[in-house]
Amino acid sequence: METLNYIHIEDKFGAHNYKPLDVVLSKGEGIWVWDIDGNRYMDCTSAYSAVNQGHCHPKIRKVLVEQSEKLTLTSRAFRNDQLAPFYEEICALTHSHKVLPMNSGAEAVETAIKSVRKWGYEHKGVEENKAEIIVCEENFHGRTLAIVGFSTDDNARKSFGPFAKGFKIIPFGDAKALEEAITPNTVAFMVEPIQGEAGVKIPPDGYLKAVRKICTDNNVVLILDEIQTGLGRTGKLLAEEHEGIQADLTLIGKALSGGFYPVSAVLSNEAVLGLLKPGQHGSTFGGNPLACAVARKALKVLVEEGMVENSAKMGAYFLSELKKIDHPAIKEARGRGLMSHRVLLPRHILKMSATVIETRLLQETRPNQIRLHRARRHW
Ligand SMILES: Cc1ncc(COP(=O)(O)O)c(C=O)c1O
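Everything numeric here is computed off the predicted structure, so don't read it as measured data.

S.K.: Even after reading the chapter, I still don't get the site of the ligand, so can you show me in this structure?
M.R.: The local shell around the ligand holds 15 residues, among which Ser104, Gly105, Ala106, Gly142 and Gln228 are the closest. Here the element with the most residues in the shell around the ligand is helix α5 (residues 105–124); it accounts for three residues.

S.K.: When you look at the sheet that holds strand β1 (residues 25–29) in this model, what are you seeing that I'm missing?
M.R.: If you walk across this open sheet you meet the three strands as β1-β2-β3, and the pairing is antiparallel. Across the chains shown, the open sheet's two edge strands, defined by having one partner strand only, are β1 and β3 (40–42). Across the sheet, the axes of successive neighbouring strands diverge by a mean angle of 30°, strand direction being ignored. By the bridge criterion, three bridges tie strand β2 (residues 32–35) to β3 in an arrangement that is antiparallel. Opposite tryptophan 34, over in β3, you have arginine 40 as the bridge partner.

S.K.: When you look at the packing of helix α3 (residues 58–68) against helix α11 (residues 289–304) in this model, what are you seeing that I'm missing?
M.R.: In a packed pair of helices, the relevant descriptors are the angle between the two axes and the axis-to-axis distance. At a minimum axis separation of 9 Å, α3 and α11 run at an interaxial angle of 160°. Looking at the two axes, α3 sits roughly antiparallel to α11. Seen from above, α3 lies across α11 with right-handed handedness. Contacts between α3 and α11 involve Lys59, Ile60, Val63, Leu64, Gln67 and Ser68 from the former and Pro289, Leu290, Ala293, Val294, Lys297, Ala298 and Val301 from the latter.

S.K.: Got a minute to help me understand the packing of helix α4 (residues 83–94) against α11 in this structure?
M.R.: Direction vectors running N to C along α4 and α11 enclose 30°, while the axes themselves pass 9 Å from each other. Taken together, the axes of α4 and α11 are roughly parallel relative to one another. Crossing angle aside, the handedness with which α4 passes α11 is left-handed. Note on element contacts: α11 touches α4 through Cys292, Ala295, Arg296 and Leu299, opposite Leu83, Pro85, Phe86, Glu89, Ile90 and Leu93.

S.K.: I'm lost on the sheet that holds strand β5 (residues 132–136) in this one. Help?
M.R.: Within a sheet, adjacent strands bond to each other through the backbone by hydrogen bonds, running parallel or antiparallel. Here seven strands make up an open sheet; going across it, the order is β4-β10-β9-β8-β7-β5-β6 and the pairing mixed. Across the chains shown, the open sheet's two edge strands, defined by having one partner strand only, are β4 (98–102) and β6 (167–170). On average, each strand axis in the sheet is inclined to that of its neighbour by 20°, with strand direction left out of account. Relative to strand β7 (residues 186–191), β5 is paired through three bridges, and the arrangement is parallel.

S.K.: Before we go on, may I ask you to explain the environment of asparagine 218 in this structure?
M.R.: Tracing the backbone through its elements, the reader meets asparagine 218 in the loop between α9 (207–217) and β8 (221–225). On the basis of neighbour count, asparagine 218 is assigned to the partly exposed category, with 14 C-beta atoms found within 10 Å. Spatially, the C-alpha atoms of asparagine 218 and proline 162 are 30 Å apart, while their sequence positions differ by 56 residues.

S.K.: Looking at this structure, I do not really get unusual backbone geometry. What am I missing?
M.R.: Backbone geometry follows two general trends: most residues other than glycine have a negative phi, and most peptide bonds adopt the trans configuration. Cis geometry marks the peptide bond from glycine 161 to proline 162; its omega dihedral reads 0°. Relative to the elements of secondary structure, proline 162 occurs in the loop between α7 (154–157) and β6. Phi is positive for serine 46, close to 55°, though the residue is something other than glycine. As for its position among the elements, serine 46 is in helix α2 (residues 46–49). Using a count of 27 C-beta atoms within 10 Å as the deciding quantity, one classes serine 46 as buried. The phi torsion at cysteine 56 lies on the positive side, around 50°, for a residue other than glycine.

S.K.: Whenever I open this one, the pairing of β7 confuses me. Can you help?
M.R.: Every regular strand shows the same layout, with side chains that alternate between the two sheet faces. When you tally the buried positions in β7, you get six out of six residues, the bulk of the element. Pairing of β7 with β8 involves four bridges; the strand directions are parallel. Bridging from a neighbouring strand, methionine 190 pairs with isoleucine 223 of β8. Tracing the backbone out of β7, into α9 and back to the parallel element β8 gives a crossover that is right-handed.

S.K.: What am I meant to see in the pairing of β5 here?
M.R.: With respect to burial, β5 is a largely interior element, five of its five residues being buried. On β5, burial covers both faces: Glu132, Ile134 and Cys136 on one face and Ile133 and Val135 on the other are all buried. The pairing of β5 with β6 spans four bridges and is parallel. Directly across from isoleucine 134, in β6, lies its bridge partner lysine 168.

S.K.: Just checking my understanding: could you explain the environment of valine 99 for this structure?
M.R.: Its place among the elements puts valine 99 in strand β4. Valine 99 sits in the buried class, given 21 other C-beta atoms within 10 Å. Note: C-alpha distance between valine 99 and asparagine 310 (211 residues apart in sequence) is 27 Å. With residues near it in sequence (within four places) discarded, valine 99 still touches Tyr87, Ile90, Cys91, Ala265, Val266 and Leu267.

The rules behind the values
- Residues numbered from 1 in each chain as written.
- Predicted model: local features only at pLDDT ≥ 70, side-chain atom pairs only at ≥ 80, totals over all residues.
- Near = placed C-beta within 6 Å.
- Helix = DSSP H or I, 4+ residues; strand = E, 2+ residues; numbered from the N terminus.
- Pairing = 2+ DSSP bridges.
- Axes fitted to C-alpha atoms, helices over the stretch in contact; angles between N-to-C directions.
- Parallel < 35°, antiparallel > 145°, perpendicular 65-115°, else oblique.
- Left-handed = near helix turned anticlockwise from the far one by under 90°.
- Contact = placed C-beta atoms within 7 Å.
- Buried ≥ 20, exposed ≤ 12 C-beta atoms within 10 Å, placed from the backbone.
- Right-handed = clockwise from strand over helix to strand, strands pointing away.

Below, the structure is given as structure tokens:
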């Protein structure tokens, strides 16, 4: 079948909830992907940070195949021999006390919202149904109904209401705004350490440290959504490490499976996830043996192959080279680790779209902005 046939069939039968480039990919390896005509592209989107280990990493693939020949899904009505080691290994790696595995990133966010509300009512003493969660303008935490309800992107919200109550929106990067927004009913503050979808927006230095202190002082749970920034993307295993802090809840997903399988997780202190009782939350596939085996290997690969350090090194090099480009089209280049971004002057964007985007698989986040997420390594 030819490219145009694929496009036609997709457009005819599929919901148009994405607007992809007209490139039909059929193979991936490391940082490279190939289309059905054999053209090779450097994947600068890295599946929105889900293939931090590179496309089709051979060691993760081997585990996926081996585990799929043994046991894939048991339901959580039984125990399986991959879940306990997954819990133990991920908690040791991320200094967490408890973990709750789900599938997509949005499910991890929903899990966090439910858990902190429960913590608010049962631990902090907030009156039932009064819990407030503070979030930031231009946030991106996924696409479920609760989540788009507190999005500030009109396109994500319009025609999907009514939405859940209990969310307050403040500017990103403004610690004082957080302090002022907290009330006795505030149970949590949820924020991305770097806003990815908003265009790799890096908060001022000291912001995470300041919000950590404000949350501690006010008995408010700090939730860091590291679904995109986590697992080495920014040059540290978790982006919170850039400011030497630890969130109460950390949400990860995407590269937790190296792109092989949807796996996400809520990493928690004892207090929050410790309150959940049987029947109060779960998912048929969450914590299944295939997911756990793949996630265990995906984490091992990140650590054993030095990918986190490589992200810091290559990201710094990449950004310094980007900054050297003296071209009237480039207004700004910013980034941390291998999460970077170029802001182009509007008059140049069409020309860029026609050339660079087609040959490099970049992604336009805003009309004049391009996000770059290189895979970490090509073995
Ligand atoms: C910061 C952040 N949170 C949550 C999500 C949602 O993850 P998923 O698409 O797996 O539901 C994303 C996805 O891009 C994200 O970047």
